[in-house]
Amino acid sequence: MSRCLTVTSVRGVVTRALTGSCIHSNVQIRILAWTLRFALCAGVLSIPLSGCSIYHPQPLDHETIENTLRQPDDQTLQVEMSQIRHPTLRPLRVDLANGINADEAALVAIVLNPALRADRDRRGLASAQLVAAGVLPNPQISWGTDYVIGGNTAGTFTAFGFGASWDVTPLLTLLPKIAAAKDNAKAVDLDIAWNEWQTAQGARLSVLRIAGLVAQIQAAREADDALRENVSLLRRATDLRYKTVLDLAAAEATSREAHSTVLAIEKQLETERIALNRAIGFPPESTPPVETVALPAEVTLPDYASLAADLDNSRLDLLGLKAGYASQDETLRAAILAQVPRIGLGFTRAGDTSNVQTLGFGITLDLPIFDRNQGNIATERATRQKLFDEYANRVFQARADMVTEFANIRWLNRQIAETQKTIRTLEQLVDTAGVAVAQGNADVISYYQTRFNLILKRIEFHQFKTQLAETVVGLEISAGRYLPVF
């Protein structure tokens, strides 16, 4: 029904257009109407042949965002984690009810971190670019009709013309462009994997820091509780005049300092828990339990030469830069091939009003007088050099970072050993000073200062252990792989 209406409408338009002329041939009007009908039908039929996409709405509202950011249930999380495909990370079963450890946090971050979700969307863009690289320009067809409407029309015919043409120049650059798009897709995958690796290591680092802060706060709270109890005892002893006000004041000052230390560590712990939630993609208000982790007091260094020699194969960012460089090299090749002048091939089929019909063939060729693609060639060559230098700089920085981490690990190993010796010395000193104070043979202020120094040294010991774990994670990031050092 709609097609009949369209034809009728077309016929009406044509009739009105020719009303003002002296020609009233129903045959000519009918021919013109059918010609326009043919053009409309050809345009409509070309839509399914072109494989057009269909629009689907994707609302950006509060409900949609909340559903996207909602923490999945344990079963859904297990399914998503079992589907992880990463060059370095391996799937692992996670049981959050028993607390999350460093390796589990790394994998949860891969699945739930919103920044990684957005980053992985680049794969769709790279795939689209790969599709676009293999698409050739459409051929063009043309059709024209000339009707005889007046004059000496005896023995004349309706003239027509039909032509088809196609720009064949893109065939020359087709293979390099496809190769460049494939390498670019590989580079994007490796770059995403590198970002996932860094985010996973950041989640591991948060768990290790929390473990270190938990150890610190346990030491600080034990000291705080002991000193608070000691203040209560001294206060009663002072009331009974067994101890002086000076003894009580010294104990209270040390107790307040110990309590301030506890509050400061609690603040750090809360901040690190928020950082962990952000890394693993949990809501900020959630409090996932963290497994108790025993941080190492000493780390055996791996062989630097073997790590440095294997950087090209272990660092995902370097592999991605290699793929990006290969893509740019193919892009430069395509730009050089595009120096060839644009070539168009076509043929025509025509007939004039005297019924003389012709068949012709033609070539369209650009004259490379001004534009020889020299601008694109220079741009692509400079881009390739930039990627080359960026790769060399990345290798240089990775080696420098590894040397720095090696030096830090050696220093921390020595520092932790010295701190352990200092703690043992202070423990003996506190015990001796305590006996001396009880006998009235020592300065009570010095005693409490020594006791507080012991508290700080114990906290410092756990801080050094945390720094050692952080440095090992930094070395893993620099080397691009896990290191079995603890």
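For the structure itself, consult the block above.
Residues numbered from 1 in each chain as written. Predicted model: local features only at pLDDT ≥ 70, side-chain atom pairs only at ≥ 80, totals over all residues. Heavy atoms only, no water.

> Can you help me understand the pattern of salt bridges in this one?
One pass over the full model with this rule turns up 24 salt bridges. Here R209 makes a salt bridge to E272, at a shortest N to O gap of 3.9 Å. You can see R209 sitting in helix α8 (residues 170–239) and its partner E272 sitting in helix α9 (residues 245–280), a full 63 residues away along the chain. For R209, a relative accessible area of 28% gives the class partly exposed. For E272, a relative accessible area of 11% puts it in the buried group. Across the pair R235 and E252 runs a salt bridge whose closest N-O atoms are separated by 2.7 Å. Within this pair, whereas R235 is found in helix α8, its partner E252 is found in helix α9, the two being separated by 17 residues in sequence. Residue classification places E252 among the partly exposed residues on the basis of a relative accessible area of 22%. Among the ionic contacts, a cluster of salt bridges with common partners joins R315, D317, K386, E390 and R394. (Salt bridge = Lys/Arg side-chain N within 4 Å of Asp/Glu carboxyl O. Helix = DSSP H or I, 4+ residues; strand = E, 2+ residues; numbered from the N terminus. Buried < 20%, exposed > 50% of the residue type's maximum accessible area, 1.4 Å probe, protein only.)

> I tried to follow the nonpolar core on my own but got confused; where do I start?
Proteins that are soluble and globular tend to have nonpolar side chains buried together. Residues A105, I280 and I455 are the most contacted members of the largest nonpolar core, which totals 47 residues. Every element with two or more residues in this core is listed here: α5 (102–112), α8, α9, α12 (316–337) and α14 (444–479). For this core, the element with the most residues is α8, which contributes 17 residues. Non-local contacts of I280, meaning those with residues more than four positions away in its chain, are made with I100, A105, V108, A109, L112, N113, A203 and P288. L321, Y391, L412 and A479 belong to the second largest nonpolar core, which has 34 residues in total. (Core = buried A, V, L, I, M, F, W, Y, C linked by side-chain atoms within 4.5 Å. Contact = heavy atoms within 4.5 Å.)

> So what exactly am I meant to see when it comes to the pairing of strand β3 (residues 343–351) here?
On a regular strand, each side chain points to the face opposite its neighbour's, so the side chains alternate between the two faces of the sheet. The sheet contact formed by strand β2 (residues 159–167) and β3 spans eight bridges and is antiparallel. Across the sheet, the residue bridging to D167 is G344, located in β3. Pairing of β3 with strand β4 (residues 357–365), which is carried by nine bridges, proceeds in the antiparallel orientation. Note that in β4 the partner of F347 across the bridge is F361. Linking β3 to β4, which pair antiparallel, is a turn of five residues; within it N355 sits at a positive phi near 65 degrees. (Pairing = 2+ DSSP bridges.)

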